[in-house]
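Residue-level structural notes
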Amino acid sequence: MKHALRTGLAAAVAVTALAAAVSPAVAANAKPDQPAKVLYQRDTRVSANPKQINAGAYNRARSILAHAGSVLAAKSHPIHGTSSVAAHYGTHLLAESRDEFRGLDASAPIKHSGMSTFHWGAIHDAARAMGIKNW
């Protein structure tokens, strides 16, 4: 019993000494539920989509979707005469093809996100070809 009291008393003295060692300005602004602020924190976030898509990558994705059966992708105009296009061209192509495939695969027995496994794979292959992660 004496040992437990001594250990508890020693711990209380250590905590009091630690609190006294902290400057009053720091102790007044300390918030126990928030970590201390870092002056120079490196931003580790990665952009979900590129701002520009290489024209060759867009044309490859368009070809993947057209070969998978997307009439809208087949009718879309290939990019030429410029080295890159805005990312919304690619996201728009993916969204149109997705909606078209969902309509075509309404009666498919096995589905991923409302379309057949083949069409789902084609959409994701096209997105990877353009470097698009979120659309």
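Residues numbered from 1 in each chain as written. Predicted model: local features only at pLDDT ≥ 70, side-chain atom pairs only at ≥ 80, totals over all residues. Heavy atoms only, no water.

Attention now goes to the overall build of the chain. Helix and strand counts for the chain stand at six helices and two strands. Written out in order from the N terminus, the α and β elements of the chain read α-α-β-α-α-β-α-α. The proportion of buried residues among the 135 residues of the chain is 25%. Once local pairs closer than 6 in sequence are excluded, the contacts in the chain between residues at least 24 apart make up 70%. Summing over all exposed atoms, the chain offers an accessible surface of approximately 9,800 Å²; the carbon and sulfur share of this is 62%. (Helix = DSSP H or I, 4+ residues; strand = E, 2+ residues; numbered from the N terminus. Buried < 20%, exposed > 50% of the residue type's maximum accessible area, 1.4 Å probe, protein only. Contact = heavy atoms within 4.5 Å. Areas by Shrake-Rupley, 256 points an atom, 1.4 Å probe, with all protein chains shown as cover.)

Moving on: helix 6 (residues 117–130). In this model, helix 6 (14 residues) spans 20 Å end to end at C-alpha, consistent with the 20 Å of a helix rising 1.5 Å per residue. Listed as buried for helix 6 are H119, G121, A122, I123, A126, A127 and M130. Check the buried side of helix 6 and you find it contacts strand 1 (52–54), helix 3 (55–68) and helix 5 (87–104). Looking one or two residues beyond helix 6, the residue adopting positive phi is G131, at roughly 80 degrees. (Expected span 1.5 Å × (residues − 1).)

Let us look at the side chain of H119. Within the secondary structure layout, H119 lies in helix 6. The exposure class of H119 is buried, given its relative accessible area of 9%. A distance of 3.1 Å separates the side chain of H119 from the backbone oxygen of A68, its partner in a polar contact. Apart from the residues within four sequence positions on either side, H119 is in contact with A68, F101 and D105. (Polar contact = N/O pair within 3.5 Å; in protein donor to acceptor, adjacent residues only side chain to side chain.)

Relative to each other, helix 3 and helix 6 sit at 175 degrees, their axes nearing to 8 Å. Regarding the angle of helix 3 to helix 6, the classification is roughly antiparallel. The residues of helix 6 that touch helix 3, namely those facing A57, Y58, R60, A61, I64, L65 and A68, are F118, H119, A122, I123, D125, A126, A129 and M130. Tallied by class, residues from the contact of helix 3 with helix 6 come to twelve nonpolar, one polar and two charged. (Axes fitted to C-alpha atoms, helices over the stretch in contact; angles between N-to-C directions. Parallel < 35°, antiparallel > 145°, perpendicular 65-115°, else oblique. Nonpolar A, V, L, I, M, F, W, Y, C, P; charged D, E, K, R; others polar.)

Among the structural elements, I79 can be located in the loop between helix 4 (71–75) and strand 2 (84–86). The exposure class of I79 is buried, given its relative accessible area of 16%. On a C-alpha basis, the gap between I79 and Y58 in space is 7.3 Å, while along the polypeptide they are 21 residues apart. When neighbours within four sequence positions are excluded, I79 is seen to be in contact with A55, Y58, N59 and V85.

Attention shifts here to the nonpolar core. Residues I53, Y58, L65, L94, F101 and M130 are the most contacted members of the largest nonpolar core, which totals 21 residues. For this core, the secondary structure elements donating two or more residues are helix 3, helix 5 and helix 6. (Core = buried A, V, L, I, M, F, W, Y, C linked by side-chain atoms within 4.5 Å.)

Over its 18 residues, helix 5 runs 26 Å from end to end, which matches the ideal 26 Å to within 8%, given 1.5 Å per residue. For helix 5, the set of buried residues is A87, G90, L93, L94, A95, S97, R98, E100 and F101. Lining the buried residues of helix 5 we find strand 1, helix 3, helix 4, strand 2 and helix 6.

Bringing the packing of helix 3 against helix 5 into the picture now. Helix 5 packs onto helix 3 with a crossing angle of 5 degrees between their chain directions and a minimal axis gap of 11 Å. Relative to helix 5, the element helix 3 lies roughly parallel. Taking contact as the criterion, the partners of Y58, A61, R62, L65 and A68 in helix 3 are, on helix 5, Y89, G90, L93, L94, S97 and F101.

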